[in-house]
Amino acid sequence: MLQQAVEVILMRQLASYLAMPIFLVDPGGNLLFYNEPAEALLGHRYGETGEMPLAEWAQIFQPTSADGSPLPPEALPLVIALQQHRAAHLAFQIRGLDGVHRMIEATAFPLEGHGGRHLGAVAIFWEVSPS
Amino acid sequence: MRVTLWGTRGSLAVPGLETVRYGGNTSCVEVRGDDGTLVVLDAGTGIRRLGEAVTSEVRRIDILLTHLHMDHIQGLGFFEPLIRPDQEVHIWGPPSTTLNLRSRLARYLSPPLFPIRLRDLPCRLTFHDVPLGGFEIGRLQITTALVIHPGPTVGYRIVENNASLAYLPDHEPALGVDHFPGEPGWTSGFALAAGVDLLIHDAQFTADEYLLHVGWGHSALPQTIAFATKAAVKRLVPFHHDPAHSDQVLDRLFEEVCSASALPFELTPGNEGASFQLGKPRLA
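Residues numbered from 1 in each chain as written. Chains lettered and ligands numbered in written order. Predicted model: local features only at pLDDT ≥ 70, side-chain atom pairs only at ≥ 80, totals over all residues.

1. With respect to the overall build of chain B
A tally of regular secondary structure across chain B gives six helices and 14 strands. Compactness check: chain B gives a C-alpha radius of gyration of 18 Å against a globular reference of 19 Å for 284 residues, within 12% of the reference. Each principal axis of the C-alpha atoms in chain B carries an extent, and together these give about 55 × 45 × 40 Å. Taking as baseline every contact in chain B between residues at least 6 positions apart, the subset at least 24 positions apart corresponds to 68%. (Helix = DSSP H or I, 4+ residues; strand = E, 2+ residues; numbered from the N terminus. Rg over C-alpha atoms; globule rule 2.2 N^0.38 Å. Contact = placed C-beta atoms within 7 Å.)

In structure tokens:
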């Protein structure tokens, strides 16, 4: 059993109460949780997806830039927040597991605990109309 | 190790005829290692009487604070060993990104709230941020983690040989959880409490009272029972009793819990003065 840090537990609980899509990963980038509003955009229930390594979720949603060119993991806001410990923002397209392409904007920020503990990162995202 | 309760009350000291048995002093627990190592968990008003019982043969005292709410530090200035010139005292508390522990405690231990300043205490006083993870004091192996309570709050697990204690006096692991307790890894404090011989845990409210105090950082007794069951502890000591709960009320609450169903652990209500030997007693 991996005991999650209390900040991560509270972040998940907060996310589960909020109406905006939220995606939570651990320091290694492993998906820990996404909430119900995120399920609508990702096209799959979290309970069916479960925890997932970075390499998998960074590809499974097929992120592409607005012009359709593939985005490498290191260009994604969540990965930037995780690896560079700073906030990041980007508009890009994903393909949900329901097969629907959606244009989204995502803002990600790192979760930094007391004592210099890197706890993971969080992305808040929402669907936007293609410009 | 031996564990003794010197203060079991939550939030506010409530001396009086109606609290004689469970006690009116706020949180303070003495942990004595088999080699005589003295660790004090929290410095509520109960620490005053403990101070009178600490002989000058004890060269070092470590006070581990869970957090800095008033009911957990109020007795500190009345802990007699602090005015012994040769006494070595170490105070440990949760880390902060703004002020160090000495500065945060000095907000209380200085005029106008207190007549004496920390720097004027004659003992040899050292302050430490609690390392989140683990450390050792004497032969006591101490594991720490932040737990759910307003403001940074540390829970402790103390192990000596095969004996184990978990101390979570202010803890609301059910906050925001639809079906408590959930998965162990996503339950605050679970790893600290898992399988311990003795769990001292917040049980401030009744189930009805909890509904009026969600987010205050405390547990209802049924939540504490559920947490202890999930963590498979051997003995539970409900602790941090609400100031409004008289001996009579607490008797009734614990009787109701014990008669409702068979518990998978021994339940011993937190009485001031209660003492527990964990593991084999030290040979004289």
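Read on for the rest.
2. Comments concerning the interface of chain A and chain B
Counting residues at the interface gives 14 residues for chain A and 16 residues for chain B. With six residues, helix α1 (residues 6-17) of chain A is the largest single contributor of residues to the side of chain A that touches chain B. Of the residues in the side of chain A that touches chain B, the class split is seven nonpolar, five polar and two charged. (Nonpolar A, V, L, I, M, F, W, Y, C, P; charged D, E, K, R; others polar.)

3. Some words on the pairing of strand β5 (residues 117-127) of chain A
Residues and elements named next belong to chain A. In terms of strand pairing, strand β1 (residues 22-25) meets β5 through four bridges, oriented antiparallel. Across the sheet, residue Val-25 finds its bridge partner in β5, namely Ala-121. The pairing of strand β4 (residues 101-113) with β5 spans 10 bridges and is antiparallel. Within β5, the position partnered with Glu-112 by the bridge is His-118. What sits between β4 and β5 in their antiparallel hairpin is a turn of three residues, with Gly-115 showing a positive phi close to 75°. (Pairing = 2+ DSSP bridges.)

4. Description of unusual backbone geometry
Across the junction of B:Pro111 and B:Pro112, the peptide omega takes the value 5°, indicating a cis bond. Structurally, B:Pro112 can be placed in the loop between α2 (101-106) and β6 (124-129). Phi at A:His85 takes a positive value of approximately 55°, unusual for a residue other than glycine. Residue position: A:His85 is located in the loop between α5 (77-84) and β3 (88-95). The partly exposed category is assigned to A:His85, around which 13 C-beta atoms lie within 10 Å. (Buried ≥ 20, exposed ≤ 12 C-beta atoms within 10 Å, placed from the backbone.)

5. Things to note about the sheet that holds strand β10 (residues 163-168) of chain B
Residue and element names in this part refer to chain B. The mixed open sheet is built from seven strands, whose spatial order is β7-β8-β9-β10-β11-β12-β13. The two strands at the open ends of the sheet, each matched to only one other strand, are β7 (134-137) and β13 (266-267). Alignment of strand β9 (residues 154-160) against β10, held across five bridges, turns out to be antiparallel. Residue pairing across strands places Tyr-156 opposite Tyr-167, the latter belonging to β10. Strand contacts of helix α5 (residues 221-230): β11 (198-202) and β12 (235-239), with the helix running at about 150° to β11, the strand carrying the most contacts. (Axes fitted to C-alpha atoms, helices over the stretch in contact; angles between N-to-C directions.)

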